[in-house]
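Letter by letter, the chains look like this.
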Amino acid sequence: MTMAKALNAGLAAAMSRDPKVVLMGEDIGPLGGVFRVTEGLQAQFGANRVLDTPLAESGIVGTAIGLALRGYRPVVEIQFDGFIFPAFDQITTQLAKLTARHEGAVHLPVVIRVPYGGHIGAVEHHQESPEAYFAHTAGLRLVSPATPNDAYWMIQQAIESADPVMFFEPKSRYWPKGEVDLEAAGIALHASRIVRPGTDVTVVGHGAMVSMLLDAAELAAEEGTSIEVVDLRSLSPIDYAPLLESVHRTGRLVVAQEAPGSVSIGSEIAATVTEKAFYSLEAPVLRVSGYDTPFPPAKLEGAYLPDVDRILHTVDRALAY
């Protein structure tokens, strides 16, 4: 399946199991969403469970919070990453806090689907990576699938969670196909994993960066460099165990992300690995990221976003120590 189809199938499976699962968002009904992730779901489950909303992100998330308080499991679609900020207050000061505010007596099983990242040739506010804003917010869970199989299972696991989950979907991976196991998830929602073994240097990323890292590892292997690739999968909480085990063996780590590098997911990983694996490191933890500038016009995205060449150059820097 493509990731878009896998998400569609995962949503349908969750809705079939639980009549309290409802979908909300702009143009997600007859249109099926901008990326057609919800295509056919309104026809299958009805307009009372797949709701086209006004163009009002704050109202969408606020309504989802109210539905969750009454026992529903809303799944909200934010049309593009850059459109999430009108809902920022609802997400960070209400959705993330209400369970703690009620000392655990109230749960908010809301999933917010966020298509994010670049490589689609769009304008600003359509290609950004705002995940660090939300990973910094206590009370939210954040995940990002890199494959159609993970997308199929992780969306269902997120919907089943008692806590609010920000579900970041890498838009550039909506269309490539991958195998999907419809029988078993095989791994927990917040588990990271090694997706390519190696011995010389560890590289870690999430979402669309994982396929980029695998491409880089393939090219490096032709030159005799063995790169181990770790798919983070969960951004809050982060499962450090497989990553630290890898770094203990390779002695080197490169962190890659599309988002700007300062005060980011990559920064947190670099600091934590340096703290917990200091005596295993043969080189400083190095980072590859977008630049600390606003996202440029589409024709310049190739100069802004990390690519295989930048990743391999950073790997070479790590190996040079």
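Predicted model only: the values in this text are computed from it and were never measured.

What about the overall build of the protein chain?
Now for step 1: Check the secondary structure of the protein chain and you find 12 helices and 12 strands.
Now for step 2: Overall size of the protein chain, expressed as C-alpha extent along the three principal axes, is 60 × 45 × 40 Å.
Now for step 3: A burial count over the protein chain gives 57% of its 321 residues as buried.
Now for step 4: Sequence-distant contacts in the protein chain: of pairs separated by 6 or more residues, those separated by 24 or more amount to 80%.
Now for step 5: For the protein chain, the accessible area works out to roughly 13,300 Å², and carbon and sulfur atoms hold 55% of it.
Now for step 6: Seen as two clouds, the 24 positive and the 38 negative side-chain charges of the protein chain have centres 5 Å apart.

Here's the deal with the side chain of Glu128
Now for step 1: Tracing the backbone through its elements, the reader meets Glu128 in the loop between strand 4 (111–116) and helix 6 (131–135).
Now for step 2: For Glu128, which is buried and forms no salt bridge, the nearest opposite charge comes from Lys171, at a distance of 8.2 Å.
Now for step 3: If we ignore the near neighbours within four places in the chain, the residues touching Glu128 are Asp81, Gly82, Tyr116, Gly117 and Phe295.

Some points on the pattern of salt bridges
Now for step 1: For the coordinates displayed, the defined rule picks out 12 salt bridges.
Now for step 2: Note that Arg113 and Glu169 form a salt bridge whose closest N and O atoms lie 2.5 Å from each other. On the criterion of sequence distance, the pair formed by Arg113 in strand 4 and Glu169 in strand 6 (residues 165–170) is long-range, its members being 56 residues apart. The two residues Arg113 and Glu169 agree in class, both being buried.
Now for step 3: Here the salt bridges share partners, and the residues they tie into one network are Glu77, Arg113 and Glu169.

Remarks on the sheet that holds strand 5 (residues 141–143)
Now for step 1: Spatially, 7 strands are ordered 2-1-3-4-6-5-10 in an open sheet, and the strand pairing comes out mixed. The sheet terminates laterally at strand 2 (50–52) and strand 10 (234–236), the two strands that pair on one side only. Put simply, the sheet's adjacent strands are angled 20 degrees from each other on average, direction ignored.
Now for step 2: In the packing of helix 7 (residues 148–160) onto the sheet, contacts are made with strand 1 (21–25), strand 3 (73–77), strand 4, strand 5 and strand 6, and the angle to strand 6 comes to roughly 165 degrees.

So, the nonpolar core
Now for step 1: Ranked by size, the top nonpolar core spans 42 residues in total, and within it Ile91, Ile112, Met166, Leu243, Leu253, Ile269 and Val273 carry the most contacts.
Now for step 2: Elements with a contribution of two residues or more to this core: helix 3 (57–69), helix 4 (88–95), strand 4, strand 6, helix 9 (241–250), strand 11 (253–260) and helix 10 (265–276).
Now for step 3: The greatest single-element share of this core, amounting to 5 residues, is contributed by helix 3.
Now for step 4: By size, the runner-up hydrophobic cluster in this structure holds 33 residues, among which are Ala6, Leu11, Val21 and Val37.

What counts, and where the lines are drawn
- Residues numbered from 1 in each chain as written.
- Predicted model: local features only at pLDDT ≥ 70, side-chain atom pairs only at ≥ 80, totals over all residues.
- Heavy atoms only, no water.
- Helix = DSSP H or I, 4+ residues; strand = E, 2+ residues; numbered from the N terminus.
- Buried < 20%, exposed > 50% of the residue type's maximum accessible area, 1.4 Å probe, protein only.
- Contact = heavy atoms within 4.5 Å.
- Areas by Shrake-Rupley, 256 points an atom, 1.4 Å probe, with all protein chains shown as cover.
- Lys, Arg positive; Asp, Glu negative; His and termini not counted.
- Charge placed at Lys NZ, Arg CZ, Asp CG, Glu CD.
- Salt bridge = Lys/Arg side-chain N within 4 Å of Asp/Glu carboxyl O.
- Pairing = 2+ DSSP bridges.
- Axes fitted to C-alpha atoms, helices over the stretch in contact; angles between N-to-C directions.
- Core = buried A, V, L, I, M, F, W, Y, C linked by side-chain atoms within 4.5 Å.

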